[in-house]
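Geometric and topological summary
Spelled out, the chains give:
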Amino acid sequence: MSATTQAAPAGVPSLDVDPFSTEFFDDMHAAHEVLREAGPVVWLAKWGVYGVARYAEVHGVLHDPLTFCSGRGVGLSDFAKEKPWRPQSIILEADPPAHTRTRAVLNQVLSASAMKPLRAHFTALAETKVDELLARGSFDAIADLAEAYPLSVFPDALGLKQEGREHLLPYASLVFNAFGPPNQLRQEAIERSAPHQAYVAEQCQRENLAPGGFGTCIHARADAGEITHEEAPLLVRSLLSAGLDTTVYGIGAAVYCLARFPEQLAKLRSDPTLARNAFEEAVRFESPVQTFFRTTTREVELGGHAIGEGEKVLMFLGAANRDPRRWEYADRYDITRRTSGHVGYGSGIHMCVGQLVARLEGEVMMAAIARKVGSIEITGPVKRRYNNTLRGLDSLPISISAA
């Protein structure tokens with residue numbers, strides 16, 4: 001699909017907005033307001049796709065998977081018309097009934113009861129990490145905390161070998177860049193991808209996974225006949241793609257919020273039971289996962305407009321999460337807010353399958369900060385990391401003091 005401007009369908013507001021440009025990433029909230037106010041459905045002329053940025057329409061699309069399918073790709077590429085850049089995901093890029101079967105397996109492997117035995121270990125490592133950073137005083141909250149902590153717990157929980165873990169973050173970044181259009185971010189990510197893809201393909205095989213981890217549990221489901229032995233490595237791959245970057249960006253967002261809004265840090269310190277909500281509100285407020293596409297399977301009416309079959313619809317999850325039609329004081333970070341219903345992890349049958357792991361990691365890290373950290377101060381320039389799908393920081397220099 002080319003970047004030539006395409007004429008808007010009759011009656012649909014046409015916007016000259018490129019949601020995959022650095023200009024857009026740099027001033028996203030202003031652009032989101034333009035998208036929301038233009039109408040319930042807009043036409044993005046640069047890429048020839050429909051867009052929805054209001055909460056009601058985004059939520060509606062997410063909850064109608066039969067009309068707005070994922071099997072033709074959740075990026076700009078339409079798999080009915082072009083070959084996927086890698087074998088497509090049997091979770092994210094699948095529709096019922098195939099999706100229902102594979103999803104059931106991951107729901108069991110990553111269930112609430114599967115999280116319980118991990119909590120004490122995840123908590124201990126979060127507290128150790130915060131103690132270590134307090135001793136240093138000044139550090140980069142992205143590399144030294146938001147990346148370092150998930151990398152210290154998640155690969156072990158999955159059952160990965162120690163060597164080669166440096167491929168994990170570049171691989172996940174590649175996956176999320178690849179959902180975008182054929183721009184520089186996507187092209188460069190795919191050009192550099194061969195070693196990362198090779199590492200991940202190898203790690204997903206049964207013989208490379210430690211006993212007792214999530215990966216081995218998935219392979220055991222193949223023995224039980226719930227999935228095939230060919231599908232098992234692809235499901236492990238899904239966890240590798242989605243289980244790390246989203247948590248890294250989520251924890252980074254939460255620390256960034258607490259650094260900018262000291263009154264919220266004070267609230268968290270006075271009531272550490274708000275830890276989970278502080279993380280959840282950061283996911284709403286910053287929306288680490290910003291966008292996903294769906295493809296229409298039939299003609300459908302959306303926001304008062306008729307959309308034909310085979311059209312790409314871009315959902316702006318980040319814009320929906322700050323839609324004033326849904327949220328009071330939408331642009332305020334408030335850790336006492338009722339956050340249920342936000343679409344930071346998606347919603348419906350394709351809701352992020354690793355959300356319980358992410359929420360556990362985010363919660364225990366916020367709880368450790370609540371108990372141990374007295375202040376957080378930004379000490380240098382904050383740098384954003386550009387990605388076609390994810391929103392987060394590349395660098396967040398801070399200093400912290402003990403409570």
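Please read these numbers as outputs of a predicted model, since none were measured by experiment.

**Observations regarding the overall build of the chain**
Counting secondary structure elements, the chain contains 16 helices and 13 strands. A compact globule built from 403 residues should have a C-alpha radius of gyration of about 22 Å, and the chain, at 21 Å, falls within 12% of that. For the chain, the spread of C-alpha atoms along the principal axes amounts to about 60 × 50 × 35 Å. The proportion of buried residues among the 403 residues of the chain is 59%. In the chain, once contacts between residues fewer than 6 apart in sequence are set aside, the share between residues at least 24 apart is 73%. In the chain, which carries 41 positive and 48 negative side-chain charges, the distance between the mean positions of the two groups comes to 3 Å.

**Looking at empty space enclosed by the protein**
Under the counting rule described, the total for this entry stands at 7 cavities of 30 Å³ or more. Taken as a whole, the largest cavity spans an internal volume of roughly 470 Å³. Counting only elements with at least two residues in the lining of the largest cavity, the list comes to α4 (98–109), α7 (168–178), α11 (231–242), α12 (245–260), α14 (275–286) and β6 (291–296). No other element matches the 4 residues that α11 contributes to the lining of the largest cavity. In the lining of the largest cavity, the residues fall into 19 nonpolar, 9 polar and 4 charged. Along its surface, the second largest cavity is lined by 13 residues, and Tyr249, Gly252, Ala253, Gly392 and Leu393 are the ones closest to its centre. Among the elements of the structure, α6 (142–158), α12 and β12 (392–395) are those that each provide at least two residues to the lining of the second largest cavity. With 5 residues, α12 is the largest single contributor of residues to the lining of the second largest cavity. Looking at the lining of the second largest cavity, its residues break down into 8 nonpolar, 2 polar and 3 charged.

**Some thoughts on the sheet that holds strand β2 (residues 42–44)**
Reading across the sheet, the 6 strands line up as β1-β2-β3-β9-β6-β4 and stay open at both edges, with mixed pairing between neighbours. In this open sheet, the two edge strands, each paired with only one partner strand, are β1 (14–15) and β4 (68–69). With 3 bridges connecting them, strand β3 (residues 49–52) and strand β9 (residues 312–316) associate as parallel partners. If you follow Val52 over to β9, its bridge partner there is Met315. Helix α3 (residues 55–62) contacts β3, β4, β6 and β9 of the sheet and is inclined by roughly 125 degrees relative to β9.

**Quick notes on the sheet that holds strand β13 (residues 397–402)**
A sheet is described by the order of its strands in space; here 3 strands give the open sequence β5-β13-β10, paired in antiparallel fashion. Edge positions in the open sheet fall to β5 (138–140) and β10 (373–378), since each of these has one partner strand only. Taken pair by pair, the neighbouring strands of this sheet meet at an average axis angle of 30 degrees, ignoring direction. Alignment of β10 against β13, held across 5 bridges, turns out to be antiparallel. If you follow Ile376 over to β13, its bridge partner there is Ile400. Across the face of the sheet, helix α5 (residues 112–136) comes into contact with β5, β10 and β13 while running at roughly 100 degrees to β13.

So, how was this worked out
- Residues numbered from 1 in each chain as written.
- Predicted model: local features only at pLDDT ≥ 70, side-chain atom pairs only at ≥ 80, totals over all residues.
- Heavy atoms only, no water.
- Helix = DSSP H or I, 4+ residues; strand = E, 2+ residues; numbered from the N terminus.
- Rg over C-alpha atoms; globule rule 2.2 N^0.38 Å.
- Buried < 20%, exposed > 50% of the residue type's maximum accessible area, 1.4 Å probe, protein only.
- Contact = heavy atoms within 4.5 Å.
- Lys, Arg positive; Asp, Glu negative; His and termini not counted.
- Charge placed at Lys NZ, Arg CZ, Asp CG, Glu CD.
- 1 Å grid on protein atoms, 1.4 Å probe; cavity = no way out; pocket = protein on both sides within 12 Å on 5 of 7 lines; lining within 4 Å.
- Points joined across faces, edges and corners; volume = space filled by probe spheres on them.
- Nonpolar A, V, L, I, M, F, W, Y, C, P; charged D, E, K, R; others polar.
- Pairing = 2+ DSSP bridges.
- Axes fitted to C-alpha atoms, helices over the stretch in contact; angles between N-to-C directions.

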